[in-house]
Amino acid sequence: MGMKFFKFFVIGLFGIFTLQSCGEKVEDKTEEVYLPLVKVWKAEKKTFEHKIKVQGTVETDQDVLLNAEMGGLVTRVHVQEGQSVRAGQVLISLDGAVLASNANEIREQLKYAEFLLSKQEQLKSRGLGTEFDYESAKSQVTALNARLRSVNVQQGKSSVVASFSGVVDKIYAKDGQVVGPQNPLIRLVNNNNVDITADLSEKHFSAVKMGTNVQVTFPNYSDTMLNLVVKNVGQYIEPVNRTFRIVTELNNNRIFLPNMLAELSITDMQVENALVIASKGIMKDQNNDDFIYVATSLGKDKYSIRKVGVKVIERMDGEAYIQVTSDKLEPGELVVTEGAKGITEKDTVRIRK
């Protein structure tokens, strides 16, 4: 009986020690498993740039619809679509037979009027004739010359000429068609020099000046980026959308067409040696002040947490240029970016790999 009791006593002690040992391991393992997991981002000092991004449009002032100043019958279209033309070149001719006939009639009348005027001058030189007859003949010659000049101007308007050198983009007129003064006949375009324009919010007016650098990309030309400068800053705020207009210039253009979409990126801030962190690590406290959590290593993959107050100067592309308002933050320290909402300064955390 005593022997059996002793065996049970020994077995019981062994079991107690075993359970205690197992309990300690489980407790340590449980503590490790339940430490909050966070992601971090190293604070750094570098050049910080902030850019205004806005959609723009390709424009040109040499994109016009040409029409005749006088109506008439189209007798000949001298050009084809896609053809290059020079300034002053005749593009379309209208029927000018009536005007030509009028001009010939006036010339014959002018010859007779000049003959009469010469006879009146001879009579006047001899002291014959009257002043009235002389002035009447002189006035007739002057009036006919004026009428002839007017008809000649009208004859010039019976032809449509290129107002600048460019390319015939589209022809609307056809031979034998009767057109009026307001009918568009030809679209003439010159895309050699184009402007890229955009409307910016008035809050950026003080940051954008003539000469400000602009990077321009195009949705339909993803491999093309232009480095341009602001050529003109609008001096008027649109009351409807509170914007002002900026213009950049592209010379020797061979690719882009009027009304193409462009995307402008304008650098309005550049700070050297700025303290930069990931913007998603910034949170608000109960006083609506910005702060971040900074993780400091305790060894064995464990990190303590401390709260650092910050002021956000500007944000760009997921990064924030900040100033520290409480505590301190050195370059290279770890700023918590994910998991920060579930921790406090009293917590110990692990970093998610």
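Here's what I pulled together on the structure shown here. (Residues numbered from 1 in each chain as written. Predicted model: local features only at pLDDT ≥ 70, side-chain atom pairs only at ≥ 80, totals over all residues. Heavy atoms only, no water.)

So, about the sheet that holds strand E7 (residues 159-161). The strand order E7-E6-E4-E9 describes an open sheet built from 4 strands, whose pairing is antiparallel. Each having just a single partner strand, E7 and strand E9 (178-179) make up the two edges of the open sheet. Alignment of strand E6 (residues 90-94) against E7, held across 3 bridges, turns out to be antiparallel. Paired with Val-90 across the bridge in E7 is Val-161. (Pairing = 2+ DSSP bridges. Helix = DSSP H or I, 4+ residues; strand = E, 2+ residues; numbered from the N terminus.)

With that out of the way, let us pick up the environment of Gly-332. Structurally, Gly-332 can be placed in the loop between strand E19 (319-324) and strand E20 (334-338). Taking C-alpha positions, Gly-332 is 5.9 Å from Glu-44, a pair spaced 288 residues apart along the chain. In contact with Gly-332, not counting residues within four places along its chain, are Lys-42 and Ala-43. (Contact = heavy atoms within 4.5 Å.)

Take the pattern of salt bridges next. Applying the stated criterion to the full structure yields 15 salt bridges. When the shortest N-O distance is used, the salt bridge between Lys-46 and Glu-319 registers 2.9 Å. Highlighted residues: Lys-46 in strand E2 (residues 44-59) and Glu-319 in strand E19, separated in sequence by 273 residues. Judged by relative accessible area, which is 27%, Lys-46 ranks as partly exposed. Across the pair Asp-290 and Lys-284 runs a salt bridge, and its minimum N-O distance is 2.9 Å. Residue classification places Asp-290 among the buried positions, given a relative accessible area of 14%. Through salt bridges with shared partners, a single network forms among Glu-44, Lys-46 and Glu-319. (Salt bridge = Lys/Arg side-chain N within 4 Å of Asp/Glu carboxyl O. Buried < 20%, exposed > 50% of the residue type's maximum accessible area, 1.4 Å probe, protein only.)

So, about the nonpolar core. The biggest cluster of nonpolar side chains holds 23 residues, and the ones touching the most others in it are Ile-196, Leu-200, Val-216, Ile-246 and Leu-264. For this core, the elements supplying multiple residues, two or more each, are E2, strand E11 (194-201), strand E12 (213-218), strand E13 (221-233), strand E14 (243-250) and strand E15 (261-278). Those residues in contact with Ile-246, other than ones at most four positions away along the chain, are Ile-196, Thr-197, Ala-198, Leu-200, Val-208, Val-230, Asn-232, Leu-264 and Ile-266. Grouped together as the second largest cluster of nonpolar side chains are 19 residues, Leu-66, Ala-68, Val-85 and Ile-92 included. (Core = buried A, V, L, I, M, F, W, Y, C linked by side-chain atoms within 4.5 Å.)

On any regular strand, side chains alternate: one points to one face of the sheet, the next to the other face. Here E2 runs beside E15; their pairing, made up of 13 bridges, is antiparallel. Paired with Lys-45 across the strands is Leu-275, a residue of E15. Relative to E11, E2 runs antiparallel, the two sharing 4 bridges. Of the residues in E11, the one forming a bridge with Thr-57 is Thr-197.

Turning to unusual backbone geometry, a few remarks are in order. Backbone geometry at Asn-252 places phi at a positive 55°, although glycine is not the residue there. Within the fold, Asn-252 resides in the loop between E14 and E15. For Asn-252, a relative accessible area of 58% puts it in the exposed group. In this model, Asn-273 sits at a positive phi of 55°, which is unusual for a non-glycine residue. Following the sequence through the fold, Asn-273 ends up in strand E15.

With antiparallel pairing, the 4 strands of this open sheet are ordered in space as E3-E10-E8-E5. Of all the strands in the sheet, just strand E3 (63-66) and strand E5 (84-85) have a single pairing partner and so form its edges. Of the strand pairs in this sheet, E5 and strand E8 (residues 166-171) are connected by 2 bridges, and their pairing is antiparallel. Paired with Val-85 across the two strands is Gly-166, which belongs to E8.

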